[in-house]
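So the chains spell out like this:
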Amino acid sequence: PKRRRWARWLRRLVTAAVGLVVLGAVSLGVLVLASPSVANAPRLVHAILAAHHAPSDGGRIPGRLAKALLATEDSRFYHDPALDPLGVGRAVLGTITDNGDDGGATIEQQLAKMLYAPGTTLGAEMEQVGVAFRLDADYSKARILAMYLDAAYFGDGAYGCTAAAEHYFGLPPARLSWAQASLLAGLVQAPSEYDPHGHFALARKRQLHVLARLVATGALTSAQAARVYSGPLAPKVSFYG
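Here is what the cut-offs are and how they apply
- Residues numbered from 1 in each chain as written.
- Predicted model: local features only at pLDDT ≥ 70, side-chain atom pairs only at ≥ 80, totals over all residues.
- Heavy atoms only, no water.
- Phe/Tyr/Trp six-rings, centres within 6.5 Å; stacked < 30°, edge-to-face > 60°.
- Buried < 20%, exposed > 50% of the residue type's maximum accessible area, 1.4 Å probe, protein only.
- Lys NZ or Arg CZ within 6 Å of the ring centre and 35° of its normal.
- 1 Å grid on protein atoms, 1.4 Å probe; cavity = no way out; pocket = protein on both sides within 12 Å on 5 of 7 lines; lining within 4 Å.
- Points joined across faces, edges and corners; volume = space filled by probe spheres on them.
- Helix = DSSP H or I, 4+ residues; strand = E, 2+ residues; numbered from the N terminus.
- Nonpolar A, V, L, I, M, F, W, Y, C, P; charged D, E, K, R; others polar.
- Contact = heavy atoms within 4.5 Å.

Student: Explain the packing of aromatic side chains to me, using residue names and the numbers behind them.
Tutor: This structure, assessed with the given rule, holds three aromatic pairs. Residues Phe77 and Tyr78 carry aromatic rings whose centres are separated by 5.0 Å and whose planes lie at 70° to one another, so their mutual orientation is edge-to-face. Look at Phe77 and you get buried, because its relative accessible area is 1%. The class of Tyr78 is partly exposed, set by a relative accessible area of 48%. If you follow Lys141 out to its NZ or CZ, it ends over the ring of Phe77, 4.6 Å from the centre. Over the aromatic face of Tyr229 sits the side chain of Arg204, whose NZ or CZ is 4.0 Å from the ring centroid.

In structure tokens:
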């Protein structure tokens, strides 16, 4: 009798799981179909840069900055679709356990938020998911990352990685050191809070997290990350805490 009860519970669990998968797939399809066209995404990126008199990087992806950004923001960017299944799992677990872990959005979701669906309400976040899948279908991963780097806000009035690299370090993005790239990559999560010109200690703490993620993703060894953190930043204007 006990084995039969367990078998019944197992069948119910499997049925419920399959039902949730089907419901999720249908809901996602509806979201994508209801989302606007993203054919104008490059023009919207250009409009952001023009509004802030910021230069574009012309589609070029600076290697160190891109690796540092992806390591901390979306380490499975090149392998996952527009929605990170592990991130969704963390979000569900965070809701159940009330531990505040909301999983983190993919680069596509963040770009969708920048260009089409600003806000943090449930409705805005659902719209971001739908737009993210349209971006993933219409553009290559490299193009999406390039648009993100051009449109992202790095704090202290710097929009786009070209303006940010010049503003903080007086360099083009391609010439950033690992120390400089890891500091910049940490800013996009909370540009005002981590602005190194006003919150240098917090920016350095965030940089340490980025370096830990670069070690976790295999871009740097622990020894290399330690040397990067203790090495010079050479800012254009001295940072202060």
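What follows picks up the thread again.
Student: Report on the layout of surface pockets, specifying residues and quantitative values.
Tutor: The calculated volume of the second largest pocket comes to roughly 150 Å³. Lining the second largest pocket are Lys67, Leu70, Ala71, Asp74, Ser75, Phe77, Tyr78, His79, Leu214, Thr217 and Ala219. Per-element accounting of the lining of the second largest pocket gives the leading share, three residues, to helix 3 (residues 63-73). For the lining of the second largest pocket, a count of residues per class yields six nonpolar, three polar and two charged.

Student: Help me get a handle on the environment of Ala185, residues and values and all.
Tutor: Among the structural elements, Ala185 can be located in helix 9 (residues 178-187). Each C-alpha atom of the pair Ala185 and Ala66 lies 8.0 Å from the other, and the pair is 119 residues apart in sequence. Filtering out sequence-adjacent residues up to four positions away, Ala185 remains in contact with Leu65, Ala68, Leu69, Thr72 and Val210.

Student: Describe helix 9, and please don't skip the residues or the numbers.
Tutor: In terms of burial, helix 9 is largely enclosed, as ten of its ten residues are buried. The complete set of buried residues in helix 9 reads Trp178, Ala179, Gln180, Ala181, Ser182, Leu183, Leu184, Ala185, Gly186 and Leu187. Structurally, helix 9 contributes buried residues whose contacts are with helix 3, helix 8 (161-169), helix 10 (200-216) and helix 11 (222-230).

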